[in-house]
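# Chains, contacts and geometry: an overview
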Amino acid sequence: MSIARRIIEEHLVKGKVNEGNEIAVRIDQTLTQDATGTMAYLQFEALGIPKVKTKLSLSYADHNISESGKENIEFLESFAKKYRIVFSKPGNGICHQLHLERFATPGTTLLGSDSHTPTAGGIGSLAIGAGGLDVAAAMAGQPFYLKMPRIIGIRLTGRLNEWVSAKDIVLFLLKKYSVKGGVGRIFEFFGDGVKSLSVPERATITNMCTELGATTSIFPSDEATKKFLDLQGRGNDFAELKSDEEYNEVVEIHLEDIVPLIAKPSSPDNVAEVKDLEGTTVGQVIIGSCTNSSYKDLAIVSSALKDKKIKTKLNINPGSINVINSLKKNGLLENITGSGAEICEAACLGCIGIGQEPEEGIVSLRTFNRNFPGRSGTRNDKVYLCSAETAVASVVFGKITDPRKLGECPRIAFPEKYLHDDCLFVFPTEEDIEIKRGGSIKPLPLKEPLENAIKAYVLIKVKDNITTDDIMPAGSKILPLRSNIPAISEYVFHNLDSSFAKRAKEKSGGIIVAGENYGQGSSREHAALAPMYLGIKAVIAKSFSRIHKANLVNFGILPLEFADKEDYERIEQSDEIEMDGVIGLLNENKNLVVKNSNIKLKYELSKREREILIAGGKLNYIKRAMKDEA
Ligand code: MIC
Ligand code: SF4
């Protein structure tokens, strides 16, 4: 059996583990971050449970930790204390890097309200990203429902060449599969080549498999895992996980064949070879984010910068305070500071447009995982994604440079021990606490049950691969509004069509029409919650990304698909859509039909999901189910 399947079977609560079936799995650990956490906790609170029912729940503050995020952070810290959740203070580090270092455990399930939760797959945890409401339900002891994915075994053979890194492996996969190639799939890595990759390198790969749309991705737990856990002082958390190599499909990758790669603007799958872009002038380089901010990443950067001065502005966003301290202890910080680089706080920062915005027109090279248009906070940005090796080579030469030009490749040894000062974690006590609710924390809007007859205008028609950053932008102006749905809803589709919210209000809601892979990217449920608040009744698309589709269901918005994709051409913005007998058809699992044009709309929804939609969303649905149980 594959490792993923074995973990699923060990945690199975409902359903048959056959590809495409809806299954429910028990969740051992949850994580939230501040940008999705406030909403998730308001939803958890609405369920009326005295404390979390998971083995371990973590609340990290890493996204918006600036002054304007203060009220959210105070709310989160007090909430964590009250409900027995571990809280990670601002400055401690990025949720995924910290979770990998301090809490992720082989063989366990982890559900996180952040799409890069699969980072923990690098240590053999079955880690899945979801909307905040699904995480709230898991904290309340409810299982997590998902469609049993197809498990793709990726056999790695050989060893990476010098200066080629784990990031290049995942960019290689993005080139091969595209941003929608992983939808409905789990990627499980196995084979001889796995041995040569350390846990943080494995985590770089599982982190960015999210960009393929994959449900999750996972590595075995072996000697390298044991070593990592020992160095973290967590040897007791080790459990061996070995696959019997039974997969739905196997793909082979020879690590020697991989060369330094780079994703060009403005999609992570727009991948080219670094050598083909050499010589392009670079205006900004940032090394960090949950993809490439480990000790090894920054140790390589430090070695490459020894006795050198940078030729381009360089910001380093370390993954955790532990990484900074370990670099310092091993004498590796001086090379970085001495080169003229700026070491920033251990947080998400520019990855989500909180500072570090590039000037318009310049090339910004980042070791991040996403370069969606405008995500950096600058309109018409030109963001490229690459490894820490390529980034540092480009800083040394002032233009995009193949890292193999840096000469001899330094051998990076593990530190004797990772420093792991846990003083920025607040562990739960039995103390009774009052929750601090600043003025920015507004009550959660709820939806009425589904209407049987829908009559609404198409408010916007968008193309393929629309991201949740397009639907509900982030950045320093909008992120502080994450716990105030009326205020944040003013920004729905803001960068694509700034009058969307106004039109939605004038028409008392409406319908969104979209192409393939609608809602890819972030897990932010605000991309469904804010449209719900504006009265959006349905999204009609050619196809959906997994997390966003689940979020639409959770907030009572119908995720409908064109039965014939050509019909996408037959609906225009401002058209009126009428559908009758919606509830009856959903109950019978039958297609809906647009009355005026006879366009057929299908949906792939389990009975449970259809019931949630009819109830007007998951919160109404769970509350009712919990009442029935009591
Ligand atoms: C992201 O990288 O897009 C984020 C910001 O971490 C999101 C979560 C959010 O929008 O709060 C994610 O990846 O899910
Ligand atoms: Fe933070 Fe960026 Fe990682 Fe999202 S992708 S968790 S914003 S570092």
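Check the entry above for the structure.
Report on the accompanying structure.

Each value, and the rule that gives it
- Residues numbered from 1 in each chain as written.
- Chains lettered and ligands numbered in written order.
- Predicted model: local features only at pLDDT ≥ 70, side-chain atom pairs only at ≥ 80, totals over all residues.
- Heavy atoms only, no water.
- Phe/Tyr/Trp six-rings, centres within 6.5 Å; stacked < 30°, edge-to-face > 60°.
- Helix = DSSP H or I, 4+ residues; strand = E, 2+ residues; numbered from the N terminus.
- Buried < 20%, exposed > 50% of the residue type's maximum accessible area, 1.4 Å probe, protein only.
- Lys NZ or Arg CZ within 6 Å of the ring centre and 35° of its normal.
- Disulfide = S-S within 2.5 Å.
- Pairing = 2+ DSSP bridges.
- Axes fitted to C-alpha atoms, helices over the stretch in contact; angles between N-to-C directions.
- Contact = heavy atoms within 4.5 Å.
- Parallel < 35°, antiparallel > 145°, perpendicular 65-115°, else oblique.
- Left-handed = near helix turned anticlockwise from the far one by under 90°.
- Nonpolar A, V, L, I, M, F, W, Y, C, P; charged D, E, K, R; others polar.
- Near = heavy atom within 4 Å.
- Polar contact = N/O pair within 3.5 Å; in protein donor to acceptor, adjacent residues only side chain to side chain.
- Arc of directions from axis to C-beta.

### Quick look at the packing of aromatic side chains
The final tally for this structure, using the stated rule, is 15 aromatic pairs. When the ring of Y41 is compared with that of F79, the centres are 5.0 Å apart and the planes differ by 35°; the resulting orientation is tilted. Of this pair, Y41 sits in helix α2 (residues 34-46) while F79 is found in helix α3 (residues 70-83), placing the two residues 38 residues apart along the sequence. Its relative accessible area of 1% is what places Y41 among the buried residues. For the pair F493 and F500, a centre-to-centre distance of 4.9 Å together with 70° between the ring planes defines the contact as edge-to-face. As far as burial versus exposure is concerned, F493 and F500 are alike and both buried. It is K461 that lies over the ring of Y568; its NZ or CZ is 4.2 Å from the centre. Over the ring of Y457 we find K507; its NZ or CZ atom is 4.7 Å from the centre of that ring.

### So, the state of the cysteines
Under the criterion given, the structure shown has zero disulfides. Free cysteine C209: the closest other cysteine sulfur is in C290, separated by 13 Å. Overall, the relative accessible area of 1% leaves C209 in the buried class.

### With respect to the sheet that holds strand β11 (residues 216-218)
Taken in spatial order, the four strands of this open sheet run β11-β10-β9-β12, and their pairing is parallel. A strand with exactly one partner marks an edge of an open sheet, and here the two such strands are β11 and β12 (249-254). In this sheet, adjacent strand axes meet at a mean angle of 20° when their direction is disregarded. With six bridges joining them, strand β9 (residues 150-157) and β12 adopt parallel strand pairing. Of the residues in β12, the one forming a bridge with L156 is I253. Packed on one face of the sheet, helix α1 (residues 3-10) meets β9, β10 (185-190) and β11 and runs near 120° to β10.

### Digging into the packing of helix α6 (residues 166-177) against helix α7 (residues 199-208)
With their axes 8 Å apart at the nearest point, α6 and α7 run at an angle of 25° to one another. It follows that α6 is roughly parallel to α7 by the angle criterion. For the crossing formed where α6 meets α7, the hand is right-handed. On the side of α6, the interface is formed by A166, K167, I169, V170, L171 and L174, while α7 contributes E201, T204, I205 and M208. Of the residues assigned to the contact of α6 with α7, the class counts are seven nonpolar, one polar and two charged.

### Observations concerning the site of ligand 1
Neighbouring residues of ligand 1: 14 residues in total, closest D114, S115, R482, S523 and R524. One nitrogen or oxygen atom from the side chain of D114 is found 2.7 Å from an oxygen atom belonging to ligand 1. Interatomic distance of 2.8 Å between a side-chain N/O atom of R370 and an oxygen atom of ligand 1. Per-class residue counts for the shell around ligand 1 are two nonpolar, seven polar and five charged.

### Comments concerning helix α8 (residues 223-231)
Side chains three or four residues apart in an α-helix point the same way, a direct result of the helix having 3.6 residues per turn. The set of residues buried in α8 consists of A224, T225, F228, L229 and L231. Buried residues of α8, seen end-on, are gathered within an arc of 165° and therefore sit on one face of the element. Looking at the residues trailing α8, positive phi occurs at G233, about 70°.

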